[in-house]
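Chains, contacts and geometry: an overview
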Amino acid sequence: MTSVLDLTASVPAALPGRLPVMTADGADTPPAWAAAHRGAVRAAVDEHGAVVVRGLRPRTPEAVAEIAAAFGIEAMPEREAFAPRRTLAPGVLSSSEWPPDEPMCMHHELSYAAQVPSLALFACLTAPGDGGATAVADSTAVLRALPPELVERFDRVGWRLTRTYREVGVAWTEAFGTDDPGQVDAYCAQEGIAHEWLPDGALRTRQRRAAVVTHPGSGRPVWFNQAAFLNELTLDPMVREYLTDVYGPDSLPFNTAYGDGEPIPAEAVDTINRAYQDATCREPWRTGDVLLVDNLRMAHSREPYEGDREIAVVLGNPVRLPGHVLAP
């Protein structure tokens, strides 16, 4: 049973393992409804970290853009994407292109970037036939659940992401939104990213970020990184072996390490993923649902699915977090 929030009353807690849901029945003009109820919806996000608004029923990417703006979400461009997306409308992206039969692990949008979206809006234009939930996990709970010694090391040295842009994964031209190497050089210099152009024209980048940051709204520490998701151990073993044989161990599309360069052991990756799993909440998609997520507090994932699934995404309200960018 879904927990339904009464807009005229205080916001109750959602049922265990489920997301809170607000109903917007009778919203003949969804942007107008969103503007009128912006305060209540944003208060629910502040309290719970994420909330589903059911009944707005956007049918097009342009309608999603209007609803996002009415909720006070200022869209930002995505740079350094780790998976391909399509632009559906100005400020509106498709969900990351990922094999439907494979789960996408818990992550925060662009937690490795210097400028990160503080809010994300997901709108379900077509619900999948089975599965495909966008689940979320509260990173304050994840932080509490992790072993103190693991948190202490990540908090002390941060985490390092190394990427090699070749034909596998996202091309550098797509990730940086330009085909001009000079613009990439300037972007990397500005955003604290070490980089080199390889003899075959590939681009390798390395950046170090804080793994635990202070939420600018609540002042609470949150586990904010993709150290587990973007680690080589999440790649299919056969794919990892093939890429290593062809390009070498230092040229995988992505890999993570502790901030001091030491490899992250499989045990640590498993421990982090178990903490995410224990903190996971979900609400099955219905066509027309809108999900608002505090991207700094809540990680999110995508579960395997069957059938068609179309989710439109708006990343917005960018922030630069103090102490997040560390020397690479």
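Before reading further, recall that the structure is shown in the block above.
This text gives an overview of the structure that appears in the document. (Residues numbered from 1 in each chain as written. Predicted model: local features only at pLDDT ≥ 70, side-chain atom pairs only at ≥ 80, totals over all residues. Heavy atoms only, no water.)

1. Here we look at the environment of Glu 167
Inspection of the secondary structure puts Glu 167 in the loop between strand S10 (159-165) and helix H6 (172-176). We classify Glu 167 as exposed; its relative accessible area is 60%. Taking the C-alpha atoms as reference points, Glu 167 and Ala 202, 35 residues apart in sequence, are found 8.7 Å from one another. (Helix = DSSP H or I, 4+ residues; strand = E, 2+ residues; numbered from the N terminus. Buried < 20%, exposed > 50% of the residue type's maximum accessible area, 1.4 Å probe, protein only.)

2. Side note on the pairing of strand S18 (residues 298-302)
With five of five residues buried, S18 is to be regarded as a mostly interior element. Side chains Met 298, His 300 and Arg 302 of S18 all project onto a buried face; the interleaved residues Ala 299 and Ser 301 project onto the opposite face, where all are buried too. The pairing of strand S6 (residues 104-107) with S18 spans two bridges and is classified as antiparallel. The residue bridging His 107 from the neighbouring strand is His 300, located in S18. Examined bridge by bridge, strand S9 (residues 136-138) and S18 share three bridges and lie antiparallel to one another. (Pairing = 2+ DSSP bridges.)

3. Points about the sheet that holds S18
Whether parallel or antiparallel, the strands of a sheet pair through hydrogen bonds between backbone atoms. In spatial order, the strands read S6-S18-S9-S16; together these four strands make up an open sheet with antiparallel pairing. The sheet is open, and its two borders are formed by S6 and strand S16 (280-281), each paired with just one other strand.

4. Things to note about unusual backbone geometry
Note on backbone geometry: most residues besides glycine have negative phi, and most peptide bonds are trans. With a phi angle near 55°, Arg 57 is a residue other than glycine that sits in the positive phi range. Tracing the chain through its elements places Arg 57 in the loop between strand S3 (50-54) and helix H3 (61-70). For Arg 57, a relative accessible area of 37% gives the class partly exposed. Positive phi, normally seen in glycine, also occurs at Glu 80, with a value near 70°. The residue Glu 80 is located in the loop between H3 and strand S4 (87-89) in this model.

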